[in-house]
Amino acid sequence: MTNDLQPVRVAVIGMGWMGRVHAQAYVRVPHHYPEGPALPELVAVADDVPGRAETFAARFGARTAATDWRAVLDDPSVDAVSVTVPNFLHREIGSAVLDAGKHLWIEKPVGLTEADAVAVAEAAARNDRRTAVGFNYRNAPAVQAARALVADGRIGDVTHARFRFFSDYAAHPDGALTWRYRADRGGNGVLGDLGSHGVDLIRYLLGDIDSLVADTAIFIPERSEPAGATSGHQLATGGRRGAVENDDFLSAQLRLASGARCVLEASRVAVGEQNSYGFEIHGTEGMLRWDYRRMGELETSLGESYQDQPSTTLFVGPGSGDYAAFQPGAANPMGYDDLKVIEAQHFLRSIVTGEPEGATVADAVFSARALDAMTTSVADGRWVPLRS
Ligand SMILES: NC(=O)c1ccc[n+]([C@@H]2O[C@H](COP(=O)([O-])OP(=O)(O)OC[C@H]3O[C@@H](n4cnc5c(N)ncnc54)[C@H](O)[C@@H]3O)[C@@H](O)[C@H]2O)c1
């Protein structure tokens, strides 16, 4: 490691699952990217649950722990902030981070609606700060390989595609009624939670969305309120029952600007499906298939046969995305947290260079616009065009 790396002092607000993953990612960046250009130092963490910030500050070596997130913004030594709080706080805290002159790495979906995402994007623009958004599946080297194959025309013209985001994290009827299930806190439910990843991947791989029609459903209409502070997807039994206010399931058909047709399905109540995320992309000459759970494998059917053309498994390796920062040779599996290290590196490099890199709040605005259009489509029972 050279000594001329640019120090970037970072903080994390919201020390739940994602807060821990962001904190770990910052700590690991110098291990995987010794050439820099940034040298992150985690200096502060905040969480409103008493004691939670102190616990994580001690674990990650941050010198400051706060229960009030504003203390992080008042600290002049902090250059950049991760915002990993529940969705309903994204707009307020994300905009405040930027207005305090700090760079922002914020989790998806960036608020509850397109208006929230736009407000954060406007704060970034007026303060000329860099942003990053947690659309981490883009960073998988196999997804990078798929993007290159599509862009190079290796599967011909894309005709149709399916994107699937199935999970069981809300499948248990005793899953606690946390912020995720409240309209004013978790927004549109599985749309923002998993659908946002799907929309971003579709745009990233296949280009803009022209119009869409959607259907949604709530399959578990009531849950028990938790007794105390929550983190992640915990169970609660016996508490007062309350209504689930946002969707468990999404099914959408999309017409892409290229003319290709696309199906997006997302479910948080799919029993038997754990992180079953992926896509199939069909073109006039070939096919690509990816399953997140086999992150390093890309199934490809390439050639000139059209009919009876075999498919084969490509194990990604150095040369695909940022794979080489993690493993020296193909077929060494990477993990979810590695995708966040890549995201952190893109964010830190964008701070040093001043150039946007990776997914930014502009991408979150497009994603939120598509999700809002899905809500409109469900309410009106019609195809909805998307503004570009
Ligand atoms: N990119 C991904 O793959 C991915 C995965 C999971 C979650 N997320 C996103 O990350 C965000 C957080 O999700 P999570 O699963 O980590 O949730 P979580 O409930 O585990 O953590 C949220 C944390 O924020 C804290 N918090 C709440 N209000 C606060 C406040 N006012 N000030 C400071 N801290 C506060 C909570 O105490 C908790 O520790 C959500 O927006 C979610 O959509 C993204």
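Structure: above.
Criteria and cut-off values
Throughout this description, residue numbers start from 1 for each chain and increase along the sequence as written. It should be noted that, the model being predicted, local features are given only for residues of pLDDT at least 70 and side-chain atom pairs only at 80 or more, the latter also being counted only at that level, while totals for whole chains, interfaces and linings use all residues. Side-chain descriptors were evaluated using all non-hydrogen atoms of the structure, hydrogens and water having been removed beforehand. Secondary structure elements follow DSSP: runs of H or I of four or more residues count as helices, runs of E of two or more count as strands, with numbering from the N terminus. C-alpha atoms define the radius of gyration in this analysis, and the globule rule sets the expected value at 2.2 Å times the number of residues to the power 0.38. A simple rule labels every residue: compare its accessible area, found with a 1.4 Å probe on the protein chains alone, to the largest value its type can have, and call it buried under 20%, exposed over 50%, or partly exposed in between. Any pair of residues with heavy atoms lying within 4.5 Å of one another is described as a contacting pair. Calculation of accessible area relied on Shrake-Rupley with a 1.4 Å probe; when residues are assessed, cover is drawn exclusively from the protein chains displayed. When charges are tallied, Lys and Arg are placed among the positive residues and Asp and Glu among the negative ones, while His and the ends of the chain are skipped. Think of each charge as sitting on NZ of Lys, CZ of Arg, CG of Asp or CD of Glu. Note on pairing: two strands pair once DSSP finds at least 2 bridges between them. Axes here refer to lines fitted to C-alpha atoms; in helices the fit is confined to the stretch in contact. Angles between the N-to-C directions go from 0 to 180 degrees. Within 6.5 Å between ring centres, the rings of Phe, Tyr and Trp (the latter by its six-membered ring) count as paired, and their orientation is classed by plane angle as stacked under 30 degrees, edge-to-face over 60, tilted in between. Oblique is the label for any angle not covered by the other classes, which are roughly parallel (under 35 degrees), roughly antiparallel (over 145) and roughly perpendicular (65 to 115). By definition, turning the near helix anticlockwise from the far helix through less than a right angle yields a left-handed crossing, and turning it clockwise yields a right-handed one. Lys, Arg, Asp and Glu make up the charged group, whereas Ala, Val, Leu, Ile, Met, Phe, Trp, Tyr, Cys and Pro make up the nonpolar group; the residues left over, Gly among them, are polar. When the strands point away from the viewer and the path from the first strand over the helix to the second turns clockwise, the crossover is right-handed. Any Lys or Arg side-chain nitrogen found within 4 Å of a carboxyl oxygen on Asp or Glu counts as a salt bridge.

Draft legend 1. Layout of the overall build of the chain. Counting secondary structure elements, the chain contains ten helices and 17 strands. At 21 Å, the chain has a C-alpha radius of gyration in line with the 21 Å of a compact globule built from 388 residues. Expressed as a percentage of its 388 residues, the buried residues of the chain come to 54%. Across the chain, contacts joining residues at least 24 apart in sequence account for 72% of those joining residues at least 6 apart. When the accessible surface of the chain is summed, it comes to about 16,000 Å², and 48% of that surface belongs to carbon and sulfur atoms. When the 36 positive and 50 negative side-chain charges of the chain are each reduced to one mean point, those points stand 2 Å apart.

Draft legend 2. The arrangement of the sheet that holds strand E4 (residues 80–83) in detail. The six strands lie next to each other as E3-E2-E1-E4-E5-E6, forming an open sheet whose pairing is parallel. Sheet topology places strand E3 (64–66) and strand E6 (131–133) at the edges, where each strand pairs with a single neighbour. Taken over all neighbouring pairs, the strand axes of this sheet differ in orientation by 25 degrees on average, direction set aside. In this sheet, E3 lies alongside strand E2 (residues 38–46) in parallel orientation, the contact comprising three bridges. Across the sheet, the residue bridging to Ala44 is Thr64, located in E3. Packing of helix H1 (residues 17–32) onto the sheet brings it into contact with strand E1 (6–13), E2, E4 and strand E5 (103–106), and relative to E2 it is tilted by some 155 degrees.

Draft legend 3. Molecular detail of the packing of aromatic side chains. Going through the model one piece at a time under the given rule, you end up with 15 aromatic pairs. Seen in terms of ring centroids, Phe163 and Phe279 are 5.3 Å apart; in terms of plane orientation they differ by 35 degrees. Their pairing is tilted. With a gap of 116 residues between them, Phe163 in strand E7 (residues 158–166) and Phe279 in strand E13 (residues 276–283) connect regions that are remote in the sequence. Phe279 sits in the buried class, given a relative accessible area of 1%.

Draft legend 4. Seen up close, the packing of helix H5 (residues 114–127) against helix H10 (residues 361–380). Interhelical geometry of H5 versus H10 gives an angle of 165 degrees and a closest axis separation of 8 Å. By the angle between their axes, H5 is roughly antiparallel relative to H10. Two packed elements cross with a definite hand, and for H5 against H10 that hand is left-handed. Judged by residue contacts, Glu114, Ala117, Val118, Val120, Ala121 and Ala124 of H5 engage Val361, Ala364, Val365, Ala368, Arg369 and Asp372 from H10. Its residues assigned to classes, the contact of H5 with H10 shows nine nonpolar, no polar and three charged.

Draft legend 5. Focus on the pairing of E4. Burial of the side chains of E4 extends over both faces: Ala80 and Ser82 are buried on one face and Val81 and Val83 on the other. Pairing between E1 and E4: four bridges, direction parallel. Bridge pairing in E4 places Val10 opposite Ala80. The handedness of the E4 to E5 crossover, carried by helix H4 (residues 90–99), is right-handed.

Draft legend 6. How the structure looks around the pattern of salt bridges. One pass over the structure, following the stated rule, counts 29 salt bridges. Asp193 is the salt-bridge partner of Lys108, the closest N and O atoms lying 3.0 Å from each other. Taken together, the residues Lys108 in the loop between E5 and H5 and Asp193 in helix H8 (residues 190–206) connect sequence positions 85 residues apart. Across the pair, Asp193 and Lys108 agree in class, each one buried. A single network of salt bridges, built from pairs that share partners, joins Arg138, Asp200, Arg203, Asp208 and Asp363.

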